[in-house]
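Examination of the molecular architecture
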Amino acid sequence: MADSHPVLIGGIRAWFYIPIPSHHRRRSGGRGPSRSHRLVRAGQRRSRAPRVTQQRPHWLGHAKKVANQASTTKVSFGILLNLRNAAAAQAQVQAVSDPSSASYGKFLTNKQFNASYAPAASDVKAVQGWLKSQGFAVGQTLPSGQYVKASGTTAQVEKTFSTTLAKYSYQGKTVQTNTTDLSLPSGTSAEIVGAVNGVVGLDQASTLKKPADTEPGPGVGSRTGVQPCSAYYGQKTATAQPAVGGKKQPYAVCGYGPQQLQGAYGVSSQLKKGIDGKGVTVVITDAYASPTILQDAQKYSKVHGQPQFKNGQFSQITPSSSGYSNTDLCGASGWYGEETLDVEAVHAMAPGAKVVYVGGADCVTGLDEAWAASIDNHYGDIITNSWSDGVDDLADLGQSYIDFYTQYSTEAALTGITVNFSTGDNGDATAGGTDLAAKTLGFPADLPLVTGVGGTSVQIGNKDQWLGEYGWQNAYSQLSGNTWSPLPGVYSSGGTGGTSQLFAQPWYQRGIVPDSISKAYGTADPMRTLPDISMAGDPNTGMVVGQTQEFPDGTYWDQYRIGGTSLSSPLMAGVLAVAEQSAHKKFGFANPLYYQLAATPALHDIVAPSAKSPVYQVRTDFVNGLDKTDGLKYQLQTIDTQSSTIHSKKGYDDETGVGTPSGAAFFKAIAKLK
C-alpha cells in the first residue's frame, strides 16, 4: 500500500482541455469547456509531480454502487508508455499529410517510427519488470512498445495503484471501475515514473463502446425496408397515405444495393476502367466476430451480381474461441450485424480491395487493443471504425484513455494509415434541440488525426445516378386520423456533429471552419469540429445488407435495410481505396486533402431543404418487426430537420463537414495529386 505521498500518474500528448480544480465542473456530457479549463497544446507537459492521468471517474456521481469487487477477482488492464519527441512527431505529421508540403506522402515505416518516436526499448523492459515486481502477470506488449498488457487480482491492483475497485450500475450496465485517483507507490523509480503515461482499462464505463448504427443488425432477426417501399428514390408514391401540403409523398427506398451506391458516388465510372481498389487493404475493427461472416458476404455479392471475395482477399484476426470476454456487458451478438454491415459496405464500394477484419475480445479494452494492434502491425492502408464512446468529456473519459488514442492516431498518420471513425447517430445529442445542456460529440471521432465521417440522406435515381443529397437529421410524424401529426415531426436521429470539448482546432481546419462553429462554446481559441466529410447514413436511404439471423421459423440468411454513420465510414473507406488505386498513391491521414478540396467540384456541398419547401417521405415498418401478422406501421419522415444546434448549409458545416464525394469529379481531382 502506498504511503501518504503517492506519485500520481499522467502526461500530456495532444491538444485538449485539462481541468483546473474548480467547483464549477459540469456534469457528464457537459457542454464545452468552462472557464475552469485551460488549453494545452501538443508537446506541452505538466510537471511530473503530481501527474494525474486517471482521476476518480466523474460518472460515479450518476451511478449506483452494486458492491466492492472481490479481492481474488482477476483484473486485466494496460500500461500506456509515453511517446518520445512528441512535438517533433506532430510537426512531421503535418509535413507528410499536407498536400502542399514537399514531404507530402513521405511516410515512415513502422521501423522508422519506432526508432524516432516509440518508447525506448529500455523503458519498455523496465515497465515490464516493474509490473512483475508488483506481482502482475505481463501479457502481450504491442510492437511499438507503447502498450503493455497485464493482469492480476483485485487486491494486487488496489495495493499497487492505491485505489479500490467496485462494481457500479451505470446507464443500464454493471461495470467495474476504480473509485479514487490512480497513483504509483511512493519510491517508484524515476525511470518508471518518466516512462508511464497512465493506466487503461480499470474504468470500464469510460472505455465501453457501442456500434454506431441506428438500427443494428441483431442476432435475433428483424426486417426493415419492407413493402410498400421504393426500389429507387421516388419510385412509388404513398397514394394511400395522407398528403402533406396538398401533395402525396414518396415511399422511402427498400434499401440501396451496391450498384446504386457505386453509381451515386462515382465508383461505377472507375470500375469500368478496371479500378476497383486492387492493391489496397482496408481494415475493419469491431468487437467479437460473426461466425457466418464470409458465407454471408459471399451470398450477398452473388445475390447482387457483384464479385465475390477471391481466395485470400478476406481474412480475420480474432481471439481464439475461448478468448472473448464481457459478452453480456457488450451484447456480443449485436456486434455481428456491425461486422456484416462494415464488410459488405467496403466490398460493395471497393470489390478489388483486400479486407482484413480485426475483432476485439470485448467492447471495452479488447477493442482498444485490437484497434491499436492494427496500427502497430500495419495490417492495412485504411482502417474504418464504426463505433464510439458517445461522450466527449475529459472527466468521463480519463486522460490516459485520451492519450492512448492520441498516440496511436499519431503513429497511424506518420506511417501512412488512413483512420476513419463514424461520428455517431444522435445529432448534437440535444434530442433535436430540446435538451441543449446535453450537447456533445462522441470520442474518438474528434481526434485531430482521424477522419470523422458524418451521414447524409441521399437520393439515387432509376439509373443509379445521384439526384440530390441532404444532411441526415430525421424527425417523424405519426398517423392521426387522416393527417400526419405533429409536423415537422419529433426528432429521432441524425449524424453527429458539432464542436469538440477536448481538442483545439487543427491546422487543416483553419480558414475553412467558421468561428460560429469552432467557437460555439464561447472559447477564445477555435476548437476541433466534426464531421470532416460525409456519406450516406440516413437509415431510410440506407443500404441493404445480408446476414444470417435467428427467426421464429429458423436460422437463415436474409436481408434488411440499415443505416447510420456505421454505414458512412466503411462506404468512405471503400471510396478512398478506389481513389488510392486510381491515383497510384497512399493518402495516409486524409483530412488535409479533404479540406483542400472543400468548395470545389470534387465535393457536393450539402445544404438543407428550405423552410418553405421541406422534404418528406413515408416509411413502412412491420408492427412486430418481422412480418405482416400484426399489420404495418407508417411514419412520415421530415428529411434534414433543422431543429438542433447543427445545420447543413453552404460551405463547411457541422452536420456534413466539407460535403460528400461528387462522383467522377472527386476521382479526377484525386488523380491530379502528385
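The shown structure was predicted, so the numbers you read here are calculated from the model rather than taken from an experiment.

1. A closer look at the overall build of the chain
On a plain count of helices and strands, the chain comes out with 18 helices and 31 strands. Taking 26 Å as the expected radius of gyration for a compact globule of 674 residues, we find that the chain reaches 24 Å, a close match to that expectation. Sorting the 674 residues of the chain into buried and exposed places 62% on the buried side. Residue pairs in contact within the chain that sit at least 24 positions apart in sequence constitute 79% of those at least 6 positions apart. Charged side chains in the chain number 55 positive and 50 negative. The centres of these two groups are separated by 5 Å.

2. Some remarks on the state of the cysteines
Under the definition given, this model contains 2 disulfides. Between the sulfur atoms of Cys229 and its disulfide partner Cys254 the distance amounts to 2.0 Å. Classification of the bridge connecting Cys229 and Cys254 rests on its S-S torsion, roughly 100 degrees, and on that basis the disulfide is right-handed. With Cys229 in the loop between strand S12 (210-211) and helix H7 (258-264) and Cys254 in the loop between S12 and H7, the pair connects residues that are 25 residues apart, well separated along the chain.

3. Considering the packing of helix H11 (residues 334-349) against helix H16 (residues 565-583)
Contact pair H11 / H16: the axes reach a minimum separation of 8 Å and the direction vectors enclose 30 degrees. Classified by the interaxial angle, the pair formed by H11 and H16 is roughly parallel. Handedness of the H11/H16 crossing: right-handed. Here Glu338, Leu341, Asp342, Ala345, Val346 and Met349 of H11 lie close against H16, whose contacting residues are Ser566, Leu567, Pro570, Leu571, Gly574, Val575 and Val578. Residues of the contact of H11 with H16, tallied by class, amount to 9 nonpolar, 2 polar and 2 charged.

4. Looking at helix H12 (residues 365-376)
Across its 12 residues, H12 extends 16 Å between first and last C-alpha, which sits within 8% of the 16 Å expected from 1.5 Å per residue. The buried count for H12 comes to 12 of 12 residues, which makes it a mostly enclosed element. The complete set of buried residues in H12 reads Thr365, Gly366, Leu367, Asp368, Glu369, Ala370, Trp371, Ala372, Ala373, Ser374, Ile375 and Asp376. In the stretch just after H12, His378 is the one whose phi turns positive, near 45 degrees.

5. Side note on unusual backbone geometry
Looking along the chain, the bond that leaves Leu487 and enters Pro488 is cis, with omega of 10 degrees. For the bond from Leu530 to Pro531, the omega torsion is -5 degrees, close enough to zero to count as cis. If you trace the backbone, Pro531 turns up in the loop between strand S24 (527-530) and strand S25 (533-536). Residue Asp464 is not a glycine yet carries a positive backbone phi of 65 degrees. The backbone of Ala599 sits at a positive phi, close to 60 degrees, despite the residue not being glycine. Summarising the element assignment, Ala599 is placed in the loop between helix H17 (591-596) and strand S28 (603-604).

6. Focus on the nonpolar core
Counting residues in each nonpolar core, the largest one holds 83 residues, and the members touching the most others are Leu261, Met543, Leu571, Phe587 and Phe666. Counting residues per element, this core draws most heavily on H16, which supplies 10 residues. Membership of the second largest hydrophobic core comes to 50 residues, among which are Ala166, Val356, Ala372 and Tyr405.

7. Brief notes about the pairing of strand S6 (residues 137-141)
Residues in a regular strand point their side chains to alternate faces of the sheet. Two elements, S6 and strand S7 (residues 147-153), share 3 bridges in a ladder whose sense is antiparallel. Residue pairing across strands places Ala137 opposite Ser151, the latter belonging to S7. Here S6 folds back onto S7 in antiparallel fashion, the turn holding 5 residues, of which Gly145 has a positive phi close to 85 degrees.

8. Points about the sheet that holds strand S30 (residues 632-638)
One open sheet accounts for 4 strands, arranged S22-S21-S30-S29; its pairing is antiparallel. Each having just a single partner strand, strand S22 (483-494) and strand S29 (616-622) make up the two edges of the open sheet. Neighbouring strand axes in the sheet, compared pairwise and without regard to direction, differ in orientation by 35 degrees on average. For strand S21 (residues 473-480) and S22, the ladder comprises 7 bridges, and the chain directions are antiparallel. Residue pairing in the sheet places Gln473 in a bridge with Gly494 of S22.

9. Looking at helix H3 (residues 121-133)
Between its terminal C-alpha atoms H3 stretches 18 Å, which fits the 18 Å expected from 13 residues at 1.5 Å a residue. Where H3 is concerned, the buried positions are Val124, Ala126, Val127, Trp130 and Leu131. Angular distribution of buried residues about the axis of H3 spans 160 degrees; they occupy a single face of the element. Opposite the packed face of H3, turned more than 90 degrees from it, sit the exposed residues Ala121, Lys125, Lys132 and Ser133. In the segment just after H3, Gly135 is the residue with positive phi, at about 95 degrees.

10. Considering the sheet that holds strand S8 (residues 165-170)
Strand order across the open sheet formed by 3 strands is S4-S8-S9, with antiparallel pairing between neighbours. The sheet is open, and its two edges are formed by strand S4 (64-68) and strand S9 (173-178), each paired on a single side. For this sheet the average axis-to-axis angle between neighbouring strands, irrespective of direction, equals 35 degrees. Strand direction decides the pairing type here: S8 and S9, joined by 6 bridges, are antiparallel. Residue pairing for S9: Tyr168 is matched across the bridge by Val175.

11. Observations regarding the pattern of salt bridges
Under the counting rule described, the total for this entry stands at 7 salt bridges. Arg223 is the salt-bridge partner of Asp558, the closest N and O atoms lying 2.8 Å from each other. One end of the pair, Asp558, is in strand S27 (residues 554-562); the other, Arg223, is in the loop between S12 and H7, and 335 residues separate them in sequence. Where Asp515 meets Lys519, a salt bridge forms, and the shortest distance between an N and an O atom there is 3.9 Å.

12. Some thoughts on the packing of aromatic side chains
Any pair of aromatic rings gets described here by the distance separating the centres and the angle formed by the planes. Evaluated as defined, the whole model comprises 27 aromatic pairs. Both rings, one in Phe113 and one in Tyr117, keep their centres 6.0 Å apart while their planes meet at 45 degrees; by these two values the pair is tilted. Residues Phe113 and Tyr117 agree in their burial class; the two are buried. Every member of this aromatic cluster is reached through a ring pair, and the members are Tyr147, Trp371, Trp387, Tyr401, Phe404, Tyr405, Tyr408, Phe421 and Phe443. Lying over the aromatic face of Phe551, Arg223 brings its terminal NZ or CZ to 4.3 Å of the ring centre.

13. Digging into the confidence of the model for the chain
Of the residues in the chain, 91% have a pLDDT of 70 or more, and the chain-wide mean is 90. In the predicted structure, residues 1-53 sits below a pLDDT of 50 and forms 162 contacts with residues beyond four places in sequence or in another chain. For the stretch residues 213-218, pLDDT sits under 50, and the model shows 27 contacts to residues farther than four places along the chain or on other chains.

About the thresholds
- Residues numbered from 1 in each chain as written.
- Predicted model: local features only at pLDDT ≥ 70, side-chain atom pairs only at ≥ 80, totals over all residues.
- Heavy atoms only, no water.
- Helix = DSSP H or I, 4+ residues; strand = E, 2+ residues; numbered from the N terminus.
- Rg over C-alpha atoms; globule rule 2.2 N^0.38 Å.
- Buried < 20%, exposed > 50% of the residue type's maximum accessible area, 1.4 Å probe, protein only.
- Contact = heavy atoms within 4.5 Å.
- Lys, Arg positive; Asp, Glu negative; His and termini not counted.
- Charge placed at Lys NZ, Arg CZ, Asp CG, Glu CD.
- Disulfide = S-S within 2.5 Å.
- Axes fitted to C-alpha atoms, helices over the stretch in contact; angles between N-to-C directions.
- Parallel < 35°, antiparallel > 145°, perpendicular 65-115°, else oblique.
- Left-handed = near helix turned anticlockwise from the far one by under 90°.
- Nonpolar A, V, L, I, M, F, W, Y, C, P; charged D, E, K, R; others polar.
- Expected span 1.5 Å × (residues − 1).
- Core = buried A, V, L, I, M, F, W, Y, C linked by side-chain atoms within 4.5 Å.
- Pairing = 2+ DSSP bridges.
- Arc of directions from axis to C-beta.
- Salt bridge = Lys/Arg side-chain N within 4 Å of Asp/Glu carboxyl O.
- Phe/Tyr/Trp six-rings, centres within 6.5 Å; stacked < 30°, edge-to-face > 60°.
- Lys NZ or Arg CZ within 6 Å of the ring centre and 35° of its normal.
- pLDDT = per-residue confidence, 0-100.

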